[in-house]
Amino acid sequence: MGRGLSELQKTILMVGANEEKAERSRESLRKSLEGMDQSHPLFALFSRPSSPYRVNSSTVYDICYPPPAPITPANRVAMSKAFKRLVQRGLIEERNGRICWFLTPAGVAKGQELMANSSAELSRC
């Protein structure tokens, strides 16, 4: 853990810290809640405040292994380890049993720093 972040970990953080993507996520949530009955149990779950900085592995796969590149077992292992190490570093948190991850405030700051220092919008893994 003493070494720096891998290119894959940097990409995960930049994907999660992308402000435009975060705003689309917030807008999508607002639209989902518009027609929902407020007494419905899911309304309480979806309306509680949470970090908009969500990142999922499929988005990262699309950047790192663009189609038609096959998703190999080795790619899956690399992705799993990258997410696990970011959780250990306190940069992302796991929710719903590895279904989705959210950047912590430290992860958002690091992702935004990486984006500011990066010549490309998102690095290729």
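Look a little higher up for the structure.
The rules behind the values
Residues numbered from 1 in each chain as written. Predicted model: local features only at pLDDT ≥ 70, side-chain atom pairs only at ≥ 80, totals over all residues. Heavy atoms only, no water. Helix = DSSP H or I, 4+ residues; strand = E, 2+ residues; numbered from the N terminus. Expected span 1.5 Å × (residues − 1). Buried < 20%, exposed > 50% of the residue type's maximum accessible area, 1.4 Å probe, protein only. Arc of directions from axis to C-beta. Salt bridge = Lys/Arg side-chain N within 4 Å of Asp/Glu carboxyl O.

Asks: Just checking my understanding: could you explain helix α6 (residues 105-117) for this structure?
Replies: Count 3.6 residues to each turn of an α-helix, and residues three or four apart come out pointing the same way. If you check α6, its first and last C-alpha atoms are 18 Å apart, about what 13 residues at 1.5 Å a residue would give, namely 18 Å. Along α6, the positions that sit buried rather than exposed are Gly107, Val108, Gly111 and Leu114. Here the buried residues of α6 occupy an arc of 130° about the axis, which is enough to place them on one side. Turned more than 90 degrees from where α6 packs its buried face, Pro105, Ala116 and Asn117 sit exposed.

Asks: What am I meant to see in the pattern of salt bridges here?
Replies: Oppositely charged side chains may form a pair once their charged atoms are brought near each other. Applying the stated rule across the entire model yields two salt bridges. A salt bridge links Glu7 to Lys10; the shortest N-O distance between them is 3.5 Å. Residue Glu7 and its partner Lys10 are both found in helix α1 (residues 7-17); the two are separated by three residues, about one turn of the helix. As a salt-bridge pair, Lys110 and Glu113 come within 3.5 Å of each other at their nearest N and O atoms. Residue Lys110 and its partner Glu113 are located together in helix α6, separated by three residues, close to a single helical turn. Overall, Glu113 belongs to the partly exposed group, its relative accessible area being 40%.

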